[in-house]
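Here are the chains, one letter per residue:
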Amino acid sequence: MYSFYKMHGLGNHFVFFDEMGQDCSRLKKPRIIQLLCDQRRGIGADGVIFITDPRDPKHHCRMQMFNIDGTEAEMCGNAIRGVAHLFRTHCLGIEPVLIETGGGLREVRSEGAKDGTAYYRVEMGPATFDLIPTGELVPEKARKPLDWEGERLDPIYVNVGNPHAVLFVSKPWGEDEMVRVGAWLETHANHPRRINVEFVEVLSPHEVRVHVWERGCGMTQACGTGATAVTAAGIKAGKLQSPVTVHMPGGDLSISQEKNGTLYMAGPIQEVAAGRLSGAFLHTLQALG
């Protein structure tokens with residue numbers, strides 16, 4: 001039997017498996033991840049997270065994340081708050097929690113709890129704006145113009161542990177158009193490893209409204225790395241000033257940037273349920289694997 005936890009950060013919901021006490025390797029297959037995330041036949045989630053032993057003994061744990069389509073992602077800002085919460089809750093309140101991710105080491109600190117919701121602040125590190133060396137963006141000479149229905153799109157590319165294409169828009173876009181553009185940009189030839197897409201309305205130098213198309217997931221209620229990428233891109237472009245409140249469909253995150261470029265993300269996480277996969281469901285998973 002595999003034990004799991006389900007948590008959400010601003011409606012961005014995940015299934016967590018603690019692999020420090022059980023071997024979950026048989027679950028890390030695309031078809032099984034897809035079934036676990038299925039809202040009708042599985043548990044239902046935007047992704048599956050495995051909390052594993054760290055590679056460096058000086059750190060507390062490692063986070064391995066899989067998107068709803070079964071692909072592995074480097075980092076997730078909302079999910080990492082859940083990892084910190086579970087580790088801190090079940091490991092006698094260790095503070096801060098040092099978490100290894102595919103996008104680098106992250107330090108997470110508790111900011112207390114209110115009405116059943118816990119709040120955490122994550123050191124996201126500095127943003128980078130050159131995605132060519134990591135293969136997430138083709139060189140400029142090979143890049144194709146991003147022409148969408150007669151309009152030239154000019155995203156700001158940002159990496160905050162995973163890649164983002166940030167689009168500042170002058171007026172709100174409809175849901176259907178964001179879905180079509182998000183899916184198109186995610187898999188565009190300019191982005192050989194696929195990319196996350198943000199649609200951003202600037203409300204003031206300290207406030208934005210954001211909708212996010214996440215690679216491997218589609219439109220989501222919230223995205224912690226997306227909010228961080230938007231803030232970094234906005235400050236770089238002279239559109240925003242730290243701190244920034246990022247409004248998303250699922251709620252708000254607070255992002256700040258220090259003078260040295262280090263970014264911090266603060267927001268909530270809520271534990272929803274804990275349980276075990278049933279024997280019947282494991283039989284179904286075994287048939288898939």
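First, a word on scope: everything that follows refers to the structure included in this document. (Residues numbered from 1 in each chain as written. Predicted model: local features only at pLDDT ≥ 70, side-chain atom pairs only at ≥ 80, totals over all residues. Heavy atoms only, no water.)

Side note on the overall build of the protein
From N to C terminus, the protein includes five helices and 18 strands. Compactness check: the protein gives a C-alpha radius of gyration of 19 Å against a globular reference of 19 Å for 289 residues, within 12% of the reference. Oriented by its inertia axes, the alpha-carbon framework of the protein measures out at about 55 × 40 × 35 Å. Burial statistics for the protein: of 289 residues in total, 52% are counted as buried. Partitioning the contacts of the protein with sequence separation of at least 6, the portion at a separation of at least 24 is 63%. Taking the average place of the 30 positive charges on the side chains of the protein and the average place of its 34 negative ones, the gap between the two points comes to 3 Å. (Helix = DSSP H or I, 4+ residues; strand = E, 2+ residues; numbered from the N terminus. Rg over C-alpha atoms; globule rule 2.2 N^0.38 Å. Buried < 20%, exposed > 50% of the residue type's maximum accessible area, 1.4 Å probe, protein only. Contact = heavy atoms within 4.5 Å. Lys, Arg positive; Asp, Glu negative; His and termini not counted. Charge placed at Lys NZ, Arg CZ, Asp CG, Glu CD.)

Comments concerning the layout of surface pockets
One number sums up the size of the largest pocket: a volume of about 260 Å³. Every residue lining the largest pocket is counted, 16 residues in all, and those nearest its centre are Glu151, Leu153, Phe168, Val169 and Trp173. Those elements giving two or more residues to the lining of the largest pocket turn out to be strand E10 (151–152) and strand E12 (163–168). No other element matches the three residues that E12 contributes to the lining of the largest pocket. Residue composition of the lining of the largest pocket, grouped by class: eight nonpolar, one polar and seven charged. If you add up the space inside the second largest pocket, you get close to 160 Å³. (1 Å grid on protein atoms, 1.4 Å probe; cavity = no way out; pocket = protein on both sides within 12 Å on 5 of 7 lines; lining within 4 Å. Points joined across faces, edges and corners; volume = space filled by probe spheres on them. Nonpolar A, V, L, I, M, F, W, Y, C, P; charged D, E, K, R; others polar.)

Observations regarding the environment of phenylalanine 66
Tracing the chain through its elements places phenylalanine 66 in strand E4 (residues 61–67). Remark: the alpha-carbon pair of phenylalanine 66 and phenylalanine 14, spanning 52 residues in sequence, is separated by 9.8 Å.

What to know about empty space enclosed by the protein
Over the atoms, a rolling probe the size of a water molecule traces out where space has been left empty. What the rule picks out here adds up to two cavities of 30 Å³ or more. For the largest cavity, the calculated volume is near 80 Å³. Residue lining of the largest cavity: 13 residues in total, with Ala73, Met75, Asn162, Asn196 and Glu214 positioned closest to the centre. Taken as a whole, the second largest cavity spans an internal volume of roughly 40 Å³. Every residue lining the second largest cavity is listed: Val169, Lys171, Pro172, Trp173, Met178, Phe199, Val200, Glu201 and His211.

Topic: the pairing of strand E7 (residues 104–114)
As judged from the five bridges shared by strand E6 (residues 97–101) and E7, these two strands associate in the antiparallel manner. Residue pairing in the sheet places leucine 98 in a bridge with glutamate 107 of E7. Where E6 hands over to E7, the hairpin turn is made up of two residues, counted between the paired strands. In this antiparallel pair of consecutive strands, E7 and strand E8 (residues 117–126), the connection spans two residues, and aspartate 115 shows a positive phi of 50°. (Pairing = 2+ DSSP bridges.)

Description of helix H4 (residues 224–236)
Here H4 is 13 residues long and its end C-alpha atoms lie 19 Å apart, about the 18 Å a rise of 1.5 Å per residue gives. Within H4, eleven of the 13 residues are buried, leaving the element largely enclosed by the surrounding structure. Residues Gly224, Thr225, Gly226, Ala227, Thr228, Ala229, Val230, Thr231, Ala232, Ala233 and Gly234 constitute the buried set of H4. Where H4 ends, the next residue or the one after it, glycine 238, has phi of about 80°, a positive value. (Expected span 1.5 Å × (residues − 1).)

Thoughts on the side chain of histidine 188
Assignment of secondary structure puts histidine 188 in the loop between helix H3 (175–186) and strand E13 (196–204). On the basis of relative accessibility, which here comes to 10%, the residue histidine 188 falls in the buried class. Within the local environment of histidine 188, its side chain forms a polar contact with the backbone nitrogen of asparagine 190, the two atoms lying 2.9 Å apart. Once residues lying within four places of it in the same chain are set aside, the contact partners of histidine 188 are Lys144, Pro145 and Leu146. (Polar contact = N/O pair within 3.5 Å; in protein donor to acceptor, adjacent residues only side chain to side chain.)

Section: the side chain of asparagine 67
Locating asparagine 67 in the fold gives a position in strand E4. Under the relative-accessibility criterion, asparagine 67 is labelled buried at 3%. If sequence neighbours within four positions are ignored, asparagine 67 has contacts with Ile33, Asp46, Gly47, Ala73, Arg215, Gly216 and Cys217.

Brief notes about the packing of aromatic side chains
How two aromatic rings sit relative to each other is given by the distance of their centres and the angle of their planes. Counted under the stated rule, the structure contains six aromatic pairs. Aromatic side chains phenylalanine 50 and phenylalanine 66 sit 5.9 Å apart centroid to centroid with 85° between the ring planes, which places their arrangement in the edge-to-face category. Taken together, the positions of phenylalanine 50 in strand E3 (residues 47–52) and phenylalanine 66 in strand E4 put the pair 16 residues apart, joining distant regions of the chain. Here the two residues phenylalanine 50 and phenylalanine 66 agree in accessibility, since each one is buried. Judged by centre distance (5.3 Å) and plane angle (45°), the ring pair of tryptophan 173 and phenylalanine 199 falls under tilted. (Phe/Tyr/Trp six-rings, centres within 6.5 Å; stacked < 30°, edge-to-face > 60°.)

Purely geometric numbers; function is a separate question.
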